[in-house]
Amino acid sequence: MQIVISDEALRWFKQDMDAEHGDAIKFFARYGGSSPLHEGFSLGVTKEQPDDVYVQIEKEGILFYVEKRDHWFFDEHDLHVLVDSALNELTYTYKKA
């Protein structure tokens, strides 16, 4: 599994979540909603230092990661984080690894 953060998404994290060098952004499975991979679960995102990293990527000093306990959610897919420019919201796509 890989995490791919677009340049637009990196700007979004800096502007909307006040992410800066040294911060960490966690992607996690949360109960409720739905995703293309799991009905009843959706992807959550929070600014939080890691505990037990499964996969990570660093861009401009900001760490983006998924914990081992949440790896099941991705079901052997890569996570691509983009921005819907019309809505100025993050979008997620999942591509088979």
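Higher on the page you've got the structure.
Draft legend 1. Representation of the pairing of strand E6 (residues 77-84). In the sheet, strand E1 (residues 3-5) pairs with E6 via three bridges, with the strands oriented parallel. Paired with Ile5 across the two strands is Val81, which belongs to E6. Note: E6 against strand E7 (residues 89-96), eight bridges, orientation antiparallel. For His80, the partnering residue across the bridge sits in E7 and is Thr93. Between E6 and E7, which pair antiparallel and follow one another directly, the connecting turn spans four residues, one of which, Asn88, has a positive phi of 55°.

Draft legend 2. Representation of helix H1 (residues 7-16). Those residues of H1 lying buried are Ala9, Leu10, Trp12 and Phe13. The buried residues of H1 occupy one face: seen down the axis, they fall within an arc of 155°. Of the residues trailing H1, Asp18 is marked for its positive phi of about 55°.

Draft legend 3. Structural view of the pairing of strand E4 (residues 53-59). As paired elements, E4 and strand E5 (residues 62-67) share six bridges and run antiparallel to each other. What sits directly across from Glu58, in E5, is Leu63. Between E4 and E5, which pair antiparallel one after the other, the connecting turn spans two residues, and Glu60 there sits at a positive phi close to 50°.

Draft legend 4. Here's a closer look at the sheet that holds E1. Taken in spatial order, the three strands make up an open sheet running E1-E6-E7, and their pairing is mixed. The open sheet has two free edges, formed respectively by E1 and E7, since each of these has just one partner strand. Between one strand axis and the next, the sheet turns through 20° on average, direction left out of account. This element, H1, spans E1, E6 and E7 of the sheet and lies at about 70° to E6.

Draft legend 5. Representation of the sheet that holds strand E3 (residues 39-47). The sheet built from four strands is open, its strands ordered E3-E2-E5-E4 with mixed pairing. Strand pairing shows two members of the sheet lacking a second neighbour, E3 and E4, which therefore form its edges. Looking at each pair of strands side by side, their axes are set apart by 30° on average, direction ignored. Strands strand E2 (24-34), E3, E4 and E5 of the sheet are contacted by H1, whose axis makes an angle of about 100° with E5.

Draft legend 6. Just the side chain of Asp78, in detail. Positionally, Asp78 belongs in strand E6. Asp78 has contacts with Met1, Gln2, Thr93, Tyr94, Lys95 and Ala97, leaving out every residue within four places of it along the chain.

Draft legend 7. Just the pattern of salt bridges, in detail. Evaluated as defined, the whole model comprises eight salt bridges. Notably, a salt bridge pairs Glu48 with Lys26, separated by 3.0 Å at the nearest N-O pair. Here Glu48, found in the loop between E3 and E4, pairs with Lys26, found in strand E2; they are 22 residues apart in sequence, far enough to count as distant. Here Lys96 ties to Glu76 by a salt bridge, and the two come within 3.9 Å at their closest N and O atoms. Residue Lys96 is found in strand E7, and its partner Glu76 is found in the loop between E5 and E6; the two are separated by 20 residues along the sequence. Exposure class is identical for Lys96 and Glu76. Each is exposed.

Calculation notes
- Residues numbered from 1 in each chain as written.
- Predicted model: local features only at pLDDT ≥ 70, side-chain atom pairs only at ≥ 80, totals over all residues.
- Heavy atoms only, no water.
- Pairing = 2+ DSSP bridges.
- Helix = DSSP H or I, 4+ residues; strand = E, 2+ residues; numbered from the N terminus.
- Buried < 20%, exposed > 50% of the residue type's maximum accessible area, 1.4 Å probe, protein only.
- Arc of directions from axis to C-beta.
- Axes fitted to C-alpha atoms, helices over the stretch in contact; angles between N-to-C directions.
- Contact = heavy atoms within 4.5 Å.
- Salt bridge = Lys/Arg side-chain N within 4 Å of Asp/Glu carboxyl O.

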